[in-house]
Amino acid sequence: MIHSFDALVLGGGAAGLMCAIEAGKRGRRVAVLEHADRLGKKILVSGGGRCNFTNLHCQPDSFLSSNPHFAKSALARYTPADFIALVEKHGIPYHEKTLGQLFCDRSARDLLGMLEEECRSAGVSIFLNTKIREVSRGAEFVVQAANAEFHAPVLVIATGGLSIPKIGATAFGYDLARQFGLKIREPRPGLVPLVLDAEDRARYCNLSGVSAEVIASCDGRQFREKMLITHRGLSGPAILQISSYWNKPQQIHIDLAPGSNLTAIFGDPKTPRTSTTLRSAFRKTLPSRFGDRWLAHHEPRSWTKAALADVEQQAHAWAITPAGTEGFEKAEVTCGGVDTDELSAKTMESRKVPGLFYIGEVVDVTGHLGGFNFQWAWASGVAAGRAL
Ligand SMILES: Cc1cc2nc3c(=O)[nH]c(=O)nc-3n(C[C@H](O)[C@H](O)[C@H](O)COP(=O)(O)OP(=O)(O)OC[C@H]3O[C@@H](n4cnc5c(N)ncnc54)[C@H](O)[C@@H]3O)c2cc1C
């Protein structure tokens, strides 16, 4: 059976649905081809089931890409306020949790329901359980699926990144980019817990569950948020954020007590210079089990002023060399992807292959934690949808 459309969108996630809605509203006959048995599975699991759907403080600086300017145009033309207006039009209750992060009050299902309803009213055709076997391009694009063939002059790839294969992530978008001769920036896990080497695991990981507010830094970036010790390494928002900037075998630095002077008490000559006093000084700022453990591995070499200053300095720049990450199974996003040099920043269309568009996470644009990845999915989807 052959189906003909004005545009085919491969992948029914955040970016694909938004693109299809925008193009459908403009009168295009659009089909979304999704290999899973339902749309938007990642939307449903996102933000702990409540979907952190955007961030009020969305700036180009909140995104990583080999071309930091690329995302600017799409982000400026479809802003958090635009998406919030859509959410409000559907009467979906939401709230700001922290740092500009907006979440559904009830459930991410509200948001997916909104996108499905918008698809219906824009006349978008949805094909679920559609396993794509081959894509070719002659006079038109031809997408060969297991039991149907789809033709269209325009093809939009919105198949996402590699994170969380068990909810449907595939390398399809990258494979297709290679097929059409588009460059790829090596995909790697982002917003992902870090794994410590055996020595540091033995030192710290039986404290799993302990958390502290820190500043994590790497590669010239820093994030002040919570760090969490896990049974294999480090996680929590500060670590997830910095993981996107980390490349093996770089070190990361962690300020364990931002803004505090842990050893200030020793400025008083009457304070006894002992391990007990030092431990109790650390306990005032750090969780006691972690402070004690950290000090056990960073004892002052003596009790001189210089040695105490050295401990203070180390506590504000604890150097860790992670052994690796928890990988795509645990990563919230994929860094890297289709090279932005290949695409128009205004429309997301391939410069080499007219009619081929790439949007969403499969592109080399990755947001920080906090709703930025969905904002990129919406904005890049709309940018392409307006150009179809
Ligand atoms: C656990 C988790 C929680 C997250 N929470 C948040 C959050 O709260 N806020 C935020 O901003 N970001 C969050 N993210 C990131 C966010 O979900 C993604 O960045 C966003 O979904 C990317 O949208 P996309 O449309 O590009 O890709 P996806 O949403 O991944 O959609 C891609 C679609 O393509 C389909 N597909 C894949 N391969 C094929 C194929 N071969 N044929 C047909 N269809 C295919 C997939 O099934 C999927 O439906 C989270 C991610 C995870 C994993």
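Preceding block: the structure.
The rules behind these values
- Residues numbered from 1 in each chain as written.
- Predicted model: local features only at pLDDT ≥ 70, side-chain atom pairs only at ≥ 80, totals over all residues.
- Heavy atoms only, no water.
- Helix = DSSP H or I, 4+ residues; strand = E, 2+ residues; numbered from the N terminus.
- Buried < 20%, exposed > 50% of the residue type's maximum accessible area, 1.4 Å probe, protein only.
- Contact = heavy atoms within 4.5 Å.
- Areas by Shrake-Rupley, 256 points an atom, 1.4 Å probe, with all protein chains shown as cover.
- Lys, Arg positive; Asp, Glu negative; His and termini not counted.
- Charge placed at Lys NZ, Arg CZ, Asp CG, Glu CD.
- Pairing = 2+ DSSP bridges.
- Near = heavy atom within 4 Å.
- Polar contact = N/O pair within 3.5 Å; in protein donor to acceptor, adjacent residues only side chain to side chain.
- Axes fitted to C-alpha atoms, helices over the stretch in contact; angles between N-to-C directions.
- Parallel < 35°, antiparallel > 145°, perpendicular 65-115°, else oblique.
- Left-handed = near helix turned anticlockwise from the far one by under 90°.

Student: Explain the overall build of the protein chain residue by residue, including any values.
Tutor: Helix and strand counts for the protein chain come out as 12 helices and 23 strands. Each principal axis of the C-alpha distribution contributes one length, and for the protein chain these read about 85 × 45 × 35 Å. Out of the 388 residues in the protein chain, the part that is buried amounts to 55%. In the protein chain, the share of contacts with a sequence separation of at least 24, taken over all contacts with a separation of at least 6, comes to 72%. Approximately 16500 Å² of the protein chain is accessible, and the part contributed by carbon and sulfur atoms is 50%. Averaging the positions of the 44 positive and the 39 negative side-chain charges in the protein chain gives two centres separated by 3 Å.

Student: Just give me the short version of unusual backbone geometry, but keep the residues and values in it.
Tutor: Residue Pro249 is reached from Lys248 by a cis peptide bond, and omega for that bond is 0°. Along the chain, Pro249 turns up in the loop between helix H8 (237–243) and strand E18 (252–255). Here Asn129, not a glycine, exhibits a phi torsion of approximately 50°, which is positive. Positive phi outside glycine occurs at Asp219, with the angle close to 55°. Here Asp219 shows up in the loop between strand E15 (211–218) and strand E16 (221–229).

Student: Just give me the short version of the sheet that holds E16, but keep the residues and values in it.
Tutor: In spatial order, the strands read E19-E18-E15-E16-E17-E14-E20; together these 7 strands make up an open sheet with antiparallel pairing. Each edge of the open sheet carries a strand with a single partner, namely strand E19 (318–320) and strand E20 (324–325). As defined by bridge partners, E16 adjoins strand E17 (residues 233–235) across 2 bridges and the pair is classed as antiparallel. Along E17, the bridge assignment pairs Leu228 with Ser235.

Student: Tell me about the site of the ligand, residues and numbers included.
Tutor: Contacts to the ligand come from 29 residues, most closely from Ala15, Glu34, Thr170, Glu361 and Phe374. In this structure, Glu34 approaches the ligand through a side-chain N or O atom, which is 2.6 Å from an oxygen atom. Measuring from an oxygen atom of the ligand, one finds a backbone N or O atom of Phe374 at 2.8 Å. For the ligand, whose unbound accessible area comes to 990 Å², protein coverage reaches 92%.

Student: Describe in detail the packing of helix H1 (residues 14–25) against helix H5 (residues 108–121), supporting the description with residues and values.
Tutor: Where H1 contacts H5, the two axes come as close as 9 Å, and the packing angle between them is 30°. In terms of orientation, H1 lies roughly parallel with respect to H5. For the element pair H1 and H5, the recorded crossing hand is left-handed. Where H1 abuts H5, its residues Leu17, Met18 and Ile21 lie against Leu112, Leu115, Glu118 and Cys119.

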